[in-house]
Amino acid sequence: MPTKPKILVTSASGKTGLQVALQLKAKAYPVRAFIRQRDHRSDMLDRAGAELFVGDQYSLSDMRKAMKGVQRAYQCAPTAPNGLHFNAVFTAAAYEAKVEHVVTLSQWLSSVDHPSLFTREVYLGDILIGMRPEMSVTTVNVGWFAENYLMVLGMAAHLGQFTMPLGDGDVKKNAAPSNEDIASVVVGALTDPAHHAGKTYRPTGPTLLSPNEIAEAMGRALGRRVRYVDISERMMVKALKALRPANYSEAAVTQLAIYSEEYRRGAFAVNAPTEDVFQVSGHEPEAFESIVRRKVADQPGLARSLPGSIGAIGSFLKILTTRPFDLDRAQMQRDYVQLSSPSYCQDDAAWAESHQPTARKTAPMRVA
Ligand SMILES: NC(=O)c1ccc[n+]([C@@H]2O[C@H](COP(=O)([O-])OP(=O)(O)OC[C@H]3O[C@@H](n4cnc5c(N)ncnc54)[C@H](OP(=O)(O)O)[C@@H]3O)[C@@H](O)[C@H]2O)c1
């Protein structure tokens, strides 16, 4: 039997990387998992039989070592500053190691003049990775992950409120994919480059949901009424500064504010949902309620309890008394490259043209 190719998974402790590595191991592929540190997530990778590579993903020396003997790779820049640096390091090391196929995690919003520096860096990273014809690439263009809503699940569980700055509660604006479904598209492309090289996929959940419908799904999963509250950008900044869910840095908050504006403008609703999860993986995408139910089952702290309610009220008071920081000043203090005339996606004619359903290159087959 021919040996299976070795696959490097970057950001392997992250939301999609962990699932990609575990799904590849379930298919008996040799996997090298690039992680920053050993912890409960690396224990899962270890138990699944992945080879652990502990290092710094932004260091070319470490990335060169991680790429040794690898034939395919998952390129996943962390949601953090210096994404373009990561992408340049990854691309240089992949070309040197003569990697045959890369699956890159891009963004649905990726566009040349986007207001978000992170997004413009993704756009540049997409160009870099595709520059050499001897290495094939599959691009996975994801919109707003389902996981983003779960950051505020604690407040929903204990205070009955789903608080995010998503605009009108009745407008259906996103069909959010689970980390597992995004990973299943990545894994499909990594394990079958012959079918997926040169293609672009956009994994989504099965249906567009409004913020009110998201709150209702949370309520059903949590067994209590949950109400959507459209908060201001200022309140979002206070909450992220006070609670730092998912270790959001100040820099990441500046970009999340821009992505929230794209959400309110409806960019994630454009041409959603897609059939890409089914076409590549052969299974139907997971419904949002089922994603929340899994999270609730995994986290006993989400069950209603007096200590839980007291903790949530404490967090709420902390948010109210936290001073927000100025988003523009935070970007300027970091010397972020600023454009004189940035364009949100739907105002950008090139983005609108290239994100039509007919322009997207999807797989022509369905896996049984
Ligand atoms: N969230 C969304 O809605 C969304 C939408 C579209 C596209 N995206 C794209 O998704 C990508 C992020 O993917 P993700 O959410 O799966 O990743 P993620 O959860 O942000 O994980 C990134 C991982 O990288 C690790 N890491 C950070 N710095 C490192 C270093 N110096 N050396 C080694 N490891 C390091 C982190 O380790 P620790 O956990 O140990 O800190 C973390 O596990 C971004 O490129 C973003 O553009 C996200």
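Quick look at the structure, then.

Reading guide: rules and limits
As a convention, each chain's residues are numbered from 1 in the sequence order in which they are written. Two thresholds apply to this predicted model, a pLDDT of at least 70 for residue-level local features and 80 or more for giving and counting side-chain atom pairs, whereas whole-chain, interface and lining totals are computed over all residues. The side-chain quantities take in all heavy atoms of the structure and omit both hydrogens and water. Any residue with at least one heavy atom within 4 Å of a molecule or strand is counted as near it. The term polar contact refers here to a pair of N or O atoms within 3.5 Å; inside protein, the definition further demands a hydrogen-donor-capable atom paired with an acceptor-capable atom, and it admits residues adjacent in sequence only when both atoms are side-chain atoms. To measure how exposed things are, a 1.4 Å probe is used in the Shrake-Rupley method; for residues, cover is taken only from the protein chains shown. Here an axis means a line fitted to C-alpha atoms, over the contact stretch when the element is a helix, while the angle between two N-to-C directions is reported on a 0 to 180 degree scale. Strands are runs of DSSP state E lasting at least 2 residues, helices are runs of H or I lasting at least 4, and numbering of each runs from the N terminus. Here the angle decides the label: under 35 degrees means roughly parallel, over 145 means roughly antiparallel, 65 to 115 means roughly perpendicular, and every other value means oblique. By definition, turning the near helix anticlockwise from the far helix through less than a right angle yields a left-handed crossing, and turning it clockwise yields a right-handed one. Only heavy atoms enter the contact rule, under which two residues are in contact if any of them lie within 4.5 Å. Here the term charged refers only to Asp, Glu, Lys and Arg, the term nonpolar to Ala, Val, Leu, Ile, Met, Phe, Trp, Tyr, Cys and Pro, and the term polar to all other amino acids, Gly among them. Salt bridge criterion: a side-chain nitrogen from Lys or Arg within 4 Å of a carboxyl oxygen from Asp or Glu. Whether a residue is buried, partly exposed or exposed follows from its accessible area with a 1.4 Å probe, protein chains only, as a fraction of its type maximum: under 20%, in between, or over 50%, in that order. Joining through side-chain atoms within 4.5 Å is the link that ties buried Ala, Val, Leu, Ile, Met, Phe, Trp, Tyr and Cys residues into a set, and such a set is a nonpolar core. In this scheme, strands are said to pair when DSSP sees at least two bridges between them. Each aromatic pair joins two rings of Phe, Tyr and Trp (for Trp, the six-membered one) with centres within 6.5 Å, and gets the label stacked for planes under 30 degrees apart, edge-to-face for over 60, and tilted for any other angle. Over a ring means this: the NZ of a Lys or the CZ of an Arg is within 6 Å of the ring centre and within 35 degrees of the ring normal.

**Examining the site of the ligand**
Taken together, 24 residues lie near the ligand, and Thr16, Arg36, Arg41, Ala77 and Gly143 sit nearest. In this structure, Gln37 approaches the ligand through a side-chain N or O atom, which is 2.9 Å from an oxygen atom. Gly55 has a polar backbone atom sitting 3.5 Å from a nitrogen atom of the ligand. In isolation the ligand exposes 930 Å². Once the protein is present, 87% of that is buried.

**Some thoughts on the packing of helix 1 (residues 15-26) against helix 8 (residues 179-191)**
Helix 8 packs onto helix 1 with a crossing angle of 55° between their chain directions and a minimal axis gap of 8 Å. Classified by the interaxial angle, the pair formed by helix 1 and helix 8 is oblique. Relative to helix 8, the crossing made by helix 1 is right-handed. Note on element contacts: helix 8 touches helix 1 through Asn179, Glu180, Ile182, Ala183, Ser184, Val186, Val187, Leu190 and Thr191, opposite Lys15, Thr16, Gln19, Val20, Gln23 and Leu24. By residue class, the composition of the contact of helix 1 with helix 8 is 7 nonpolar, 6 polar and 2 charged.

**A closer look at the pattern of salt bridges**
Enumeration over the complete set of coordinates arrives at 16 salt bridges. Here Arg41 makes a salt bridge to Asp39, at a shortest N to O gap of 2.7 Å. Glu261 serves as the salt-bridge partner of Arg264, at 2.9 Å between the closest nitrogen and oxygen. One end of the pair, Arg264, and the other, Glu261, are both in helix 12 (residues 250-265), 3 residues apart, so they sit about a helical turn from each other. For Arg264, a relative accessible area of 28% gives the class partly exposed. By sharing partners, the salt bridges in this structure join Glu261, Arg264, Arg265 and Asp347 into a single network.

**Overview of the nonpolar core**
In globular proteins that are soluble, nonpolar side chains generally tend to be buried together. Residues Trp144, Tyr149, Phe162, Met218 and Phe288 are the most contacted members of the largest nonpolar core, which totals 50 residues. Top contributing element to this core by residue count: helix 12, with 7 residues. In terms of nonpolar packing, the next biggest core, distinct from the first, is built from 31 residues, Ala21, Cys76, Ile182 and Val185 among them.

**Considering the sheet that holds strand 6 (residues 136-142)**
To summarise the sheet geometry, strands pair through backbone hydrogen bonds and adopt either a parallel or an antiparallel arrangement. Strand order in this open sheet of 7 strands is 3-2-1-4-5-6-8, and the pairing throughout is parallel. In this open sheet, the two strands that pair with only one neighbour each are strand 3 (51-54) and strand 8 (200-201). Pairing of strand 1 (residues 7-9) with strand 2 (residues 31-35) involves 3 bridges; the strand directions are parallel. Paired with Leu8 across the strands is Arg32, a residue of strand 2.

**Some thoughts on the environment of His355**
Looking at where His355 falls in the secondary structure, it is placed in the segment after helix 17 (349-354). You can call His355 buried: its relative accessible area is 9%. In this structure the C-alpha to C-alpha distance between His355 and Leu320, which are 35 residues apart in sequence, comes to 40 Å. For His355, the contacting residues outside a window of four places in its chain are Trp108, Ser110, Val270 and Asn271.

**Regarding the packing of aromatic side chains**
One pass over the structure, following the stated rule, counts 13 aromatic pairs. With 6.5 Å between their ring centres and 90° between their planes, Tyr149 and Tyr263 make a pair best called edge-to-face. Taken together, the residues Tyr149 in helix 6 (residues 147-150) and Tyr263 in helix 12 connect sequence positions 114 residues apart. Each member of the pair, Tyr149 as well as Tyr263, is classed as buried. Following the ring pairs from residue to residue traces out a cluster consisting of Trp144, Tyr149, Phe162, Tyr228, Tyr263, Phe268 and Phe288. The aromatic ring of Tyr29 is capped on one face by Lys4, whose charged end is 4.6 Å from the ring centroid. Arg202 extends its terminal NZ or CZ atom over the ring of Trp108, reaching a point 3.5 Å from the ring centre.

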